[in-house]
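# Tertiary structure, described
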Amino acid sequence: MSKKGLLLIVSGPSGVGKGTVIEALREKLRTELGRELYLSVSMTTRAPRPSEIDGVHYSFVTREDFAKLVEVNGFAEFAEFAGNFYGTPLAPIHEHISAGDIVVFDIEVVGAANMRSIFPEAVSVFITPPSFEELRRRLSGRHRQPRKH
């Protein structure tokens, strides 16, 4: 009998600690259950930042390649933000769920709502900051040091 895959949507405001929660979950799954977690990699048309790795932080593509995937309904969800497009490609999701993997989405709030409508079987977690002051401190601290992945 094969393992059944699971979709997990982790959403919340930027700087709330989604990545930290996901990394803790990844470690716990690996050490206690012997399972790996697949973090869905979003696709974007924006240029990579100096510390970002293609295929790890995002899949960086041209506007033309992004548009081709839109035409064939290749995204679970996509949106335009600050003049660039961001989307969640469907093919890797289906591939990993079929393989019995746990697929995690680190996604903004609107994208999470779209994902829940497409994948109603997904488990959804919304993370809130301890306080707005703490969230403000975290976000202002990002300008001084690179984000860890």
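Residues numbered from 1 in each chain as written. Predicted model: local features only at pLDDT ≥ 70, side-chain atom pairs only at ≥ 80, totals over all residues. Heavy atoms only, no water.

Take the sheet that holds strand 2 (residues 37-39) next. Spatially, 2-7-1-8 is the arrangement adopted by the four strands of the open sheet, whose pairing is parallel. Looking at which strands have only one partner, the edges of the open sheet turn out to be strand 2 and strand 8 (123-126). Going across the sheet, the axis of each strand differs from the next one's by a mean of 25°, ignoring polarity. Sheet topology places strand 1 (residues 6-11) next to strand 7 (residues 102-107); six bridges connect them, and they run parallel. Within strand 7, the residue paired with leucine 6 across the bridge is isoleucine 102. Running over the sheet, helix 3 (residues 90-98) touches strand 1, strand 2 and strand 7 and is turned about 145° from strand 7. Strands in contact with helix 4 (residues 109-118) are strand 1, strand 7 and strand 8; relative to strand 7, the strand with the most contacts, it is inclined by about 145°. (Pairing = 2+ DSSP bridges. Helix = DSSP H or I, 4+ residues; strand = E, 2+ residues; numbered from the N terminus. Axes fitted to C-alpha atoms, helices over the stretch in contact; angles between N-to-C directions. Contact = heavy atoms within 4.5 Å.)

Here the structure, examined in full by the defined rule, presents six aromatic pairs. Aromatic side chains phenylalanine 75 and phenylalanine 78 sit 5.9 Å apart centroid to centroid with 50° between the ring planes, which places their arrangement in the tilted category. Its relative accessible area of 40% is what places phenylalanine 78 among the partly exposed residues. (Phe/Tyr/Trp six-rings, centres within 6.5 Å; stacked < 30°, edge-to-face > 60°. Buried < 20%, exposed > 50% of the residue type's maximum accessible area, 1.4 Å probe, protein only.)

Let's shift gears to the nonpolar core. Within the largest apolar cluster, 14 residues are counted, with the highest numbers of intra-cluster contacts made by Leu7, Ile9, Ile93, Phe105, Met115 and Phe119. Those elements that place two or more of their residues in this core are strand 1, helix 3, strand 7 and helix 4. Filtering out sequence-adjacent residues up to four positions away, isoleucine 93 remains in contact with Leu7, Ala76, Thr88, Val103, Phe105, Met115 and Phe119. Core analysis: the next-biggest nonpolar cluster, separate from the first, contains nine residues, Leu8, Val10, Val16 and Ile127 among them. (Core = buried A, V, L, I, M, F, W, Y, C linked by side-chain atoms within 4.5 Å.)

With respect to the secondary-structure elements, glutamate 77 resides in strand 5 (residues 75-81). Here the side chain of glutamate 77 touches threonine 88 through a polar contact of 2.5 Å, side chain to side chain. (Polar contact = N/O pair within 3.5 Å; in protein donor to acceptor, adjacent residues only side chain to side chain.)

Take unusual backbone geometry next. Backbone geometry at asparagine 73 places phi at a positive 55°, although glycine is not the residue there. Along the chain, asparagine 73 falls in the loop between helix 2 (63-71) and strand 5.

Buried within helix 3 we find Leu90, Ile93 and His96. On an axial view of helix 3, the arc spanned by its buried residues comes to 140°, and they lie on one face. Opposite the buried face of helix 3, by more than 90 degrees, sit the exposed residues Ala91, Glu95 and Ser98. Summarising the contacts, the buried residues of helix 3 are in contact with strand 1, strand 2, strand 5, strand 6 (84-89), strand 7 and helix 4. One or two positions beyond helix 3, positive phi appears at glycine 100, with a value near 85°. (Arc of directions from axis to C-beta.)

A word on the pattern of salt bridges. According to the stated counting rule, one finds six salt bridges in the structure shown. Taking the shortest distance from any N to any O, the salt bridge between arginine 30 and glutamate 36 comes out at 3.1 Å. Residue class for arginine 30 comes out partly exposed when judged on its relative accessible area of 38%. Judged by its relative accessible area of 45%, glutamate 36 falls in the partly exposed class. Among the charged side chains, a salt-bridge network with shared partners connects Glu27, Arg30 and Glu36. (Salt bridge = Lys/Arg side-chain N within 4 Å of Asp/Glu carboxyl O.)

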